[in-house]
Amino acid sequence: MQSESRLSKIGYHLRREWQIYVMLLPTIIWFIVFLYKPMYGLQIAFKDYSIFRGVDGSPWIGFEHFEFLFSNDQFIRAFWNTIIISGLNLLFGFPAPIILALLFNEILHATYKKTAQTIVYLPHFISSVIIAGIVITAFSPSVGIVNTVLGWFGIDSIYFLTKPEWFRPIFVGTGIWQEAGFGSIVFLAAIAGVNPSLYESAVVDGANRWQMMWKITIPSILPTILIMLIIRIGNVMEVSFELIILLYQPATYSTADVVNTFVYRQGIQSGQYDFAAAAGLFNAVVAFVLVMIANTLSKRYSRTSLW
Amino acid sequence: MRKHLLTTAIAATLVASTPALADGHLEIVSGEPLELTIQMNHARYPVYKEDWPVEQKARELTNVHLIDVTVGANMRTDENSGKTEALNLMLASGEIPDIVGSSRIKDFVNQYGPEGAFLPLNDLIDEHAPNLKAFFEERPEIAAAISAADGNMYYIPYLPDGKYGRAYWIRTDWLNTLGLDMPETVEEYEEVLRAFKTQDPNGNGIADEVPYFARQWPELIRLVTLWDGRSSGSDTYHDFMVVDGKLAHPYAGEGYREGIKNLARWYDEGLVDAEIFTRGSSARDFLLSENLGGSTHDWFASTSGYNRLSSDIEGFEFKAMAPPASVSGKRIEEHRRIPIKPDGWAIGGTNKHPVETIKYFDFWFTEEGRRLANFGVEGMHYDMVDGKAIFKQEFLDAGPVNRSLYQVGSQLQGRGYYQDYGYEIQWSNEFALEGIALYDEGDYLIDQFLGVAFNADEQRVYDRYWGSIRDYMLERQQAWVLGNGDVEEEWDDYMAQLEKKGLSQVLEVMQSAYDRQYGG
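Note that the structure is a prediction, hence the values are computed from the model and not measured. Note on numbering: residues in each chain are counted from 1, in written sequence order. Here chains are named by letter from A upward and ligands by number from 1 upward, in the order in which they appear as written. Per-residue local features are limited, in this predicted model, to residues with pLDDT of at least 70; the limit for side-chain atom pairs, both in listing and counting, is 80 or more; totals at the level of whole chains, interfaces and linings are taken over all residues.

Engineer: Looking at this structure, how should I read unusual backbone geometry?
Structural biologist: Among all residues except glycine, the phi angle is most often negative; among peptide bonds, the trans geometry is most common. Residues and elements named next belong to chain B. With a phi angle near 50°, D244 is a residue other than glycine that sits in the positive phi range. You will see that N291, though not glycine, has its phi angle at about 60°, which is positive. Along the chain, N291 turns up in the loop between α12 (283-289) and β9 (293-299). Buried means a residue has 20 or more other C-beta atoms within 10 Å of its own C-beta, exposed means 12 or fewer, and partly exposed covers the counts in between; C-beta atoms are placed from the backbone. Classification of N291 by C-beta neighbours within 10 Å gives partly exposed; the count is 19. Think of it this way: any DSSP run of H or I at least four residues long counts as a helix, any run of E at least two long counts as a strand, and we number them from the N terminus.

Below is the structure:
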């Protein structure tokens, strides 16, 4: 009885709001096709998979791939590299768009503001291949601008891209240059949503711009910052590995090799799909745990959370 | 489809009106042409083009039409892994074309052939392919080398002709400028490279010379042969080698350690291109045309062609030099053309016309087919002179001949065919021929490892361990050369790591496969 009335309620709701549900449809289809359907294939992490026999035709072997994975020091290293690179990304890459948004907010000249915004948004739309080309050229020991500038100060040219210690700064820096501008959009939107009467009363009280930023703007956009942070932590294991593949060398594997590039080399290049799937699955589990922790902490301390 | 029938009809009329072909002695099917799908991932041209003159001619002769369905194609030539990647993607897509042609196809078909992805060819050859049969009867060692663990052949290989591949090259005009002799030993070679670095042979007043450079960075590692090390056992980089019937890996040998130690010193002194790991395939073109490069290790025919630069650079002369004697006095040239490449083509397991397909493969081993595969189309790219195929002058003048041939559909390494060295002699210039004579005289070549075919258990062991071992080897190798680590200090740890990562297990399965295949 009750379920029937509930169903009719849903039916009524659907009839009334059907346009909104139609708009939702493409996203649902995208999720099913690209995220849920591939999950079926995850079982090969527990199978002795042959591409020719297919997912169903391959025999189960339990946790053998995982056992081998954890005894493989290249995987362990790739795992720590992922955490470190992501940590650096979080430390330097996460505040960058916030700072940028705050800076843009302080610019009063409209044309100047628009031009500056366009310039910092642009790198986001450049393909990683081009970005890698620019980076390789910029850091080349013979023709690169970086070494040319160093040369003016009498510093010998450095072959940056083969030095393990330089890989992470270059990679993280490139990421900031590419994404900080675009990432600032969401914070600018949040700033635009701050109630102007707060600023007006602050002006009446004699606050300067610096005080207004600290006392009004930042607290007002804090929920947005926290949500973005949780999402970001969920993606900690997903460093942009195309760029790493394009920039790394065997010489820099020690600091550059992350789980995704390891999966790529083992899986696609060496054809060990089952083993690579095990590594990828483990990656996903870690990311899931991280996002759960971040969400719980955020809920407890700031009452802001994803769910 | 209609358009297709129309072109077929026109082609058929053309065939009928050409008396020499009227009897159709090479025709495989009569009437309606047979269409077969093909995956083709050849190193330089990762597609199969239906409008290649060679394909058009082959259609006319055999009435078999190949339709390109290549997936996952890429042009990466660095480690050859791009080729295997494309084959894996093809198999993962679930559809295997009628014909699969690729570089690096051997291990792939020998692994998945026995599972049913590709057809075994032995019986088909016996019954339907007289030319292939005759070839394999004459060269039984080739059949042995390409067979899978179950004893069947799953692909028809590309068979290079001629012996020589890469050689040492040096700016002989720079030697003259500086009053130096051709280096005969590794010590002299080092002195010459140092002189190139410090004595400004290009005369521009800046020490911008790059003494040793290479298009592929493993050609730097090749130099460990000068300290009695090895860099590869075959013409594929980083490959295993056979020493007295025992499998070994060159990167786990004493000579290699010594060689890397010295190469690190050379690198540090600037005798080696500082950007050798990232400069890439344009290194030779750039450094020679800019009058900067001094010496390299590269192919005879294409490298000798750079002597054309003498019109722009006063006195430019880039000549082959004999391999310098190693520290123990041995002179070897590690690289050579091997008689069988792991490249070629196979018949997909779902092919509905296996007999016609093997006949088509056989066509390329007929006299006419072989010429087509080597020289292009008669009357268009070459003419017959006294029973020999001679390239037309305008074709020779059109730039590097091998590149021109890829563009018309000849010399495809993803096709099973028998190369005719006559093709290369014709566009090897005097410098190449002189170099070949020099290498012939010295007899510097060494035997090569032709590879093994694993059974399923061996394959599993190899797959499991080899990828990580190889990554580790290359990582340490680059680090040592670049000075990010010290080979002497780290060597024991390195060997222990290789052991821990399973090198001896890999060698063990390779040994058992080797013994089975070559009769221990």
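Moving on from the coordinates now.
Engineer: Is there a simple way to explain the interface of chain A and chain B in this structure?
Structural biologist: By a widely used convention, the size of an interface equals the accessible area lost when the partners come together. Working definition of a contact: two residues with C-beta atoms, positioned from the backbone, lying within 7 Å. Contacts between the two partners involve 28 residues from chain A, matched on the other side by 25 residues from chain B. When contributions to the side of chain A that touches chain B are tallied by element, the ones reaching two or more residues are α14 (253-256) and α15 (259-269) of chain A. The leading source of residues in the side of chain A that touches chain B is α15(A), at 4 residues. Put simply, Ala, Val, Leu, Ile, Met, Phe, Trp, Tyr, Cys and Pro go in the nonpolar bin, Asp, Glu, Lys and Arg in the charged bin, and everything else, Gly too, in the polar bin. Of the residues belonging to the side of chain A that touches chain B, the class tally is 12 nonpolar, 13 polar and 3 charged.

Engineer: Help me out: how do you make sense of the nonpolar core in this one?
Structural biologist: General note: in soluble globular proteins, nonpolar side chains tend to be found buried as a group. Ranked by internal contacts, the top residues of the largest apolar core, which has 184 residues, are A279(A), L121(B), Y155(B) and A346(B). Of the residues forming this core, the biggest block, 10 residues, is contributed by helix α20 (residues 456-482) of chain B. Note on terminology: a nonpolar core is any set of buried Ala, Val, Leu, Ile, Met, Phe, Trp, Tyr and Cys residues joined through C-beta atoms within 7 Å.

Engineer: I keep staring at the environment of T172(B) and nothing clicks. Help me out?
Structural biologist: Residues and elements named next belong to chain B. Position of T172 among the secondary structure elements: in helix α8 (residues 172-178). The partly exposed category is assigned to T172, around which 18 C-beta atoms lie within 10 Å. Counting along the chain gives 292 residues from T172 to R464, while the straight-line C-alpha distance between them is 48 Å.

Engineer: I'm lost on the pairing of strand β10 (residues 318-321) of chain B in this one. Help?
Structural biologist: If a strand is regular, its side chains alternate between the two faces of the sheet. Residue and element names in this part refer to chain B. Residues of β10 alternate between two faces, with F318 and A320 on one and K319 and M321 on the opposite face, all of them buried. Here 4 bridges tie strand β5 (residues 166-171) to β10, and the two strands are oriented antiparallel to one another. Looking at β10, one finds that I170 is bridged to K319. DSSP bridges decide pairing: two strands pair if at least two such bridges lie between them.

Engineer: Mind showing me how you'd approach helix α16 (residues 273-302) of chain A here?
Structural biologist: For the α-helix, the turn length of 3.6 residues means that residues three or four positions removed from each other point alike. All names here are of chain A. Expected helix span is given by 1.5 Å per residue-to-residue step, counting one fewer step than there are residues. The first and last C-alpha atoms of α16 sit 42 Å apart over 30 residues, in line with the 44 Å expected at 1.5 Å per residue. Within α16 the residues assigned to the buried category are Y273, D274, F275, A276, A277, A278, A279, G280, F282, N283, A294 and N295. Among the structural elements, α4 (64-70), α5 (73-93), α12 (209-234) and α15 are those in contact with the buried residues of α16. One or two positions beyond α16, positive phi appears at R303, with a value near 60°.

Engineer: Is there a simple way to explain the pairing of strand β11 (residues 344-347) of chain B in this structure?
Structural biologist: Residues and elements named next belong to chain B. With burial as the criterion, each face of β11 is covered, one bearing G344 and A346 and the other bearing W345 and I347. Summarising the sheet, strand β3 (residues 99-102) and β11 pair through 4 bridges and their orientation is antiparallel. Residue pairing for β11: I99 is matched across the bridge by I347. Inspection of the sheet shows strand β4 (residues 156-157) paired to β11 by 2 bridges, in the antiparallel sense. Along β11, the bridge assignment pairs P157 with G344.

Engineer: Can you walk me through the sheet that holds β5(B) in this structure?
Structural biologist: Within a beta sheet, neighbouring strands are joined by backbone hydrogen bonds and run either parallel or antiparallel to one another. All names here are of chain B. Spatially, 4 strands are ordered β6-β9-β5-β10 in an open sheet, and the strand pairing comes out mixed. Either end of the sheet is taken by a strand with one partner, and the two such strands are β6 (210-212) and β10. Sheet twist, expressed as the mean angle between neighbouring strand axes with direction ignored, is 35°. Alignment of β5 against β9, held across 5 bridges, turns out to be antiparallel. Bridge pairing in β9 links Y168 to H297. In the packing of helix α9 (residues 186-198) onto the sheet, contacts are made with β6 and β9, and the angle to β6 comes to roughly 170°. Simply put, an axis is a line fit to the C-alpha atoms, just over the touching stretch for a helix, and the angle between two N-to-C directions goes from 0 to 180 degrees.

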